[in-house]
Amino acid sequence: MMERAESCQKLYTRMRLWEFPDEYVIEPTDGSSASSLSISRVDASIKLIDGVPECSSVRVPKIQTIFGVVGMLKLVAGSYLIVIAERECVGTYLGHPIFKVISLKVLPCDHSVKNSPAEQKKVENEFYGLLKIAERTSGLYFSYDTNLTLSAQRLYDLGDESKLLPLWRQAEPRFLWNNYMMEVLIDYKLDPYLLPVVQGSFHHFQAAIGKEIVDVTLIARRCTRRNGTRMWRRGADPDGYVANFVETEQIVQMNGFTSSFVQVRGSIPFLWEQIVDLTYKPKFEIVRSEEAPRVAERHFLDLRKKYGSVLAVDLVNKHGGEGRLSEKFTNAMQPIVGDGLRYLHFDFHKICGHVHFERLSFLYDQIADFLEKNGYLLLNEKGEKMKEQLGVVRTNCIDCLDRTNVTQSMIGRKMLELQLRRIGVFAAEETISSHANLDESFKILWANHGDDISIQYSGTHALKGDFVRFGQRTVQGILKDGYNSLVRYYLNNFRDGTKQDAIDLLQGHYIVSVSRDMTPPSQTGGLEAIASFPLALCLVSIGLLFTAMSLRQARYDLRHLIFSVFWASISVAIAAFVRANGRIFCNRPRLHKPRC
């Protein structure tokens, strides 16, 4: 068991929220004899108070239990406190309970808005609407006792002084989902209230191997630097931070041993985008092509500082639009590959097709030497380090979801077998598939993990999940992939723009300014003000209906044939206009221009 990282001050695990007409009071109720936290609903001023103010007939509070303070955001006129209203214990991480956020609650401190001009109220309501969307953020996890933003190896390597710091100060900023939201509270020295939250995934299982019990945990940490939705966050920014960057850690505990293996995923690391325009697969556009080598170099320099050696596995196609991205990636990597950085292209679709995923063994044969050389963390029964991980495999496809999930689960399976052999549980040729319960649990673990990551980025479960879950492609799985693809198309075009704005607001990528934001973020002009896909679809449908009705009467009166041609022409013209101007009919982010 690892040495426990005790911070100097415990986090409050349960609190009572008193909603008075003029203030919120948060009272610790977990046995801590501590001061309560008061937040004014008028001006959002914060102070610690002894006890809870007295109630009266004119000061009757609403009371509810909450489980953490996530942070606070200031908008145009008011401020908004975000708390955890419901939680669920989902397991343990290195012996510490881990909780999933079931629901968030946004508490307005916006009485000052009442005296604001009408235009300012309108803008405030626009932004408040984005916060209500953010209440439904999925995949949030936290612990009151340990730092969930750090892998087991990083936790082990924490210095004694760092272990005494509050959890929020130990946290890895890039994985701290509420990093920006905590900034206001940090100034008030409210350490017992400052709860670090990560976005990602957490699943675990126990299985029997003979008379022994193995405990396997899979945890994902999503980077907040370029967080967002599938079509509105692609590629990298100029600093080398990439979209959909996720660190995945697989932890094995057995017979007193603890072993951890980390791998990462992230979008192709240069500036490119895919602007939605109602087509099923919008074309890829490389932005500022000449900067690609510099951006890729920055990205991999950062990875090497954090993980050591890096093996970049590129799974995209060699032809078509993906081929252009792959060629640019290959060219950008040539000047920077070396002893600590390898690049490997593996055309997943060409080699594996849509059903032959067992051919990933060809990929494993090419990377096995890197995995064996760079290894994994291994701690013995005394908590002493026997091995450490010296490098990381970085996998990408286009979305870094479906092909990446299948590939990472294969790598995770191979590494678990290596770990169990090292601990002495598996014989030299023994595999996970030779133990039915372990094999089934491992497949479900990775399938659930892939679904979680996919939902956060694309809005749907992962494609190809049937192979990860059952070990083979199924007819039901292929049909489900078709359905999820259609749902992704709808979300990408008509929902994700607003969701992207909500993410940018929460993460501090867009900071509200009174002088700049006196125009509501959704306000548009010209054609965009009236462009509506449902309206266009309705007009086309009406035109086709009139066309059909006129054709039925054409045999009695030639004029109806002319009318049918007229209505058909109108329908075709509207459809062609929507196709040619697809971008303005889509739900686009309003807060960020340009995206790269």
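Everything quoted here is computed from the prediction, not taken from an experiment. (Residues numbered from 1 in each chain as written. Predicted model: local features only at pLDDT ≥ 70, side-chain atom pairs only at ≥ 80, totals over all residues. Heavy atoms only, no water.)

(A) Region of interest: the overall build of the chain. Of the regular secondary structure elements, the chain holds 18 helices and 20 strands. Among the 596 residues that make up the chain, the fraction classed as buried is 55%. In the chain, the share of contacts with a sequence separation of at least 24, taken over all contacts with a separation of at least 6, comes to 69%. (Helix = DSSP H or I, 4+ residues; strand = E, 2+ residues; numbered from the N terminus. Buried < 20%, exposed > 50% of the residue type's maximum accessible area, 1.4 Å probe, protein only. Contact = heavy atoms within 4.5 Å.)

(B) The pairing of strand β12 (residues 246-254), seen in detail. Among the 9 residues of β12, 9 are classified as buried, and the element is accordingly described as predominantly covered. By the alternation rule, side chains of β12 split into V246, T248, Q250, V252 and M254 and E247, E249, I251 and Q253, which are all buried. Bridge analysis of strand β11 (residues 212-222) against β12 gives 8 bridges, and the strand direction is antiparallel. Note on β12: the bridge partner recorded for R222 is V246. The pairing of β12 with strand β13 (residues 257-265) spans 9 bridges and is classified as antiparallel. Opposite I251, over in β13, you have S260 as the bridge partner. The loop that links β12 with its antiparallel partner β13 comprises 2 residues; one of these, N255, has a positive phi angle of about 55°. (Pairing = 2+ DSSP bridges.)

(C) Layout of the packing of aromatic side chains. As enumerated under the stated definition, the model contains 13 aromatic pairs in all. Judged by centre distance (5.6 Å) and plane angle (20°), the rings of F99 and F142 are stacked. Here F99, found in strand β8 (residues 96-109), pairs with F142, found in strand β9 (residues 140-142); they are 43 residues apart in sequence, far enough to count as distant. There is no split in this pair, since F99 and F142 are both buried. Linked through ring pairs, F99, F142 and Y144 together constitute an aromatic cluster. (Phe/Tyr/Trp six-rings, centres within 6.5 Å; stacked < 30°, edge-to-face > 60°.)

(D) Structural context of the layout of surface pockets. Looking at the largest pocket, its volume works out to about 630 Å³. Taken together, 30 residues line the largest pocket, and the ones lying closest to its centre are R230, Y280, D402, L463 and S485. Listing elements by their share of the lining of the largest pocket, those giving two or more residues are α10 (402-423) and α13 (475-494). It is α13 that provides the largest number of residues to the lining of the largest pocket, a total of 8 residues. (1 Å grid on protein atoms, 1.4 Å probe; cavity = no way out; pocket = protein on both sides within 12 Å on 5 of 7 lines; lining within 4 Å. Points joined across faces, edges and corners; volume = space filled by probe spheres on them.)

(E) How the structure looks around the pattern of salt bridges. Under the counting rule described, the total for this entry stands at 24 salt bridges. E249 serves as the salt-bridge partner of R221, at 2.8 Å between the closest nitrogen and oxygen. Of this pair, R221 sits in strand β11 while E249 sits in strand β12; the two residues are 28 residues apart in sequence, bridging distant segments of the chain. Each of the two residues, R221 as well as E249, counts as buried. Residues E322 and K281 are paired through a salt bridge, measuring 3.6 Å at the closest nitrogen-oxygen approach. Of this pair, E322 sits in helix α7 (residues 320-333) while K281 sits in the loop between β14 (272-273) and β15 (285-286), placing them 41 residues apart in sequence. Sharing partners across several salt bridges, the network here consists of E172, R174, R221, E247 and E249. (Salt bridge = Lys/Arg side-chain N within 4 Å of Asp/Glu carboxyl O.)

(F) Focus on the pairing of strand β20 (residues 391-396). Across the 6 residues of β20, 6 count as buried, placing the element largely inside the fold. Residues G391, V393 and T395 point to one face of β20 and V392, R394 and N396 to the other, with burial holding for every one of them. Two elements, β13 and β20, share 2 bridges in a ladder whose sense is parallel. Looking across to β20, one finds that R265 is bridged to T395. Two strands pair when backbone bridges link them, and strand β16 (residues 309-314) and β20 are joined in this way by 6 bridges, in the parallel orientation. Along β20, the bridge assignment pairs V310 with V392.

(G) How the structure looks around the sheet that holds strand β2 (residues 23-28). If you trace the 5 strands from one edge of the open sheet to the other, you get β4-β3-β2-β1-β5, paired in antiparallel fashion. Each edge of the sheet is formed by a strand with only one pairing partner; in this case those strands are β4 (46-49) and β5 (62-66). Between one strand axis and the next, the sheet turns by 25° as a mean value, whatever way the strands run. Pairing geometry for β2 and strand β3 (residues 36-40), over 4 bridges, is antiparallel. Paired with Y24 across the strands is I39, a residue of β3. (Axes fitted to C-alpha atoms, helices over the stretch in contact; angles between N-to-C directions.)

(H) The arrangement of the nonpolar core in detail. Core analysis: the biggest nonpolar cluster contains 46 residues, and V214, L363, I367, L420 and L438 have the highest contact counts within it. Excluding residues that lie within four positions of it along the chain, L438 makes contacts with F205, A207, I209, V214, L420, F426 and I432. Counting residues in each nonpolar core, the second largest holds 32 residues, with L104, V106, W177 and A502 among its members. (Core = buried A, V, L, I, M, F, W, Y, C linked by side-chain atoms within 4.5 Å.)

(I) Representation of helix α9 (residues 360-374). Over its 15 residues, α9 extends 20 Å from the first C-alpha to the last, a length consistent with the 21 Å expected when each residue adds 1.5 Å. Listed in full, the buried residues belonging to α9 are L360, L363, Y364, I367, A368, F370, L371 and N374. Buried residues in α9 make contact with β13, β16, β17 (341-345), α8 (348-352), β20 and α10. G375 sits one or two positions beyond α9 and adopts a positive phi of about 65°. (Expected span 1.5 Å × (residues − 1).)

(J) Region of interest: the side chain of R41. Position of R41 relative to the elements: it lies in the loop between β3 and β4. For the buried R41, no salt bridge is present, and the opposite-charge side chain at shortest range is E19, 4.6 Å distant. The contact partners of R41, leaving out residues within four places of it in the chain, are E19, F20, P21, D22, E23, Y24, P108, C109, D110 and H111. (Lys, Arg positive; Asp, Glu negative; His and termini not counted.)

(K) Inspection of unusual backbone geometry at higher detail. Its identity as a non-glycine residue notwithstanding, R288 has a phi of 45°, on the positive side. Tracing the sequence through the fold places R288 in the loop between β15 and α6 (292-307). Phi angles above zero are rare outside glycine, and C400 is one such case at about 60°. Relative to the elements of secondary structure, C400 occurs in the loop between β20 and α10.

(L) Up close: empty space enclosed by the protein. Considering all chains together, one arrives at 5 cavities of 30 Å³ or more under this definition. Approximately 100 Å³ is the volume found for the largest cavity. Forming the boundary of the largest cavity are R174, C223, R225, G240, Y241, V242, F245, H299, D302 and L303. Within the lining of the largest cavity, the residues separate by chemical class into 5 nonpolar, 2 polar and 3 charged. (Nonpolar A, V, L, I, M, F, W, Y, C, P; charged D, E, K, R; others polar.)

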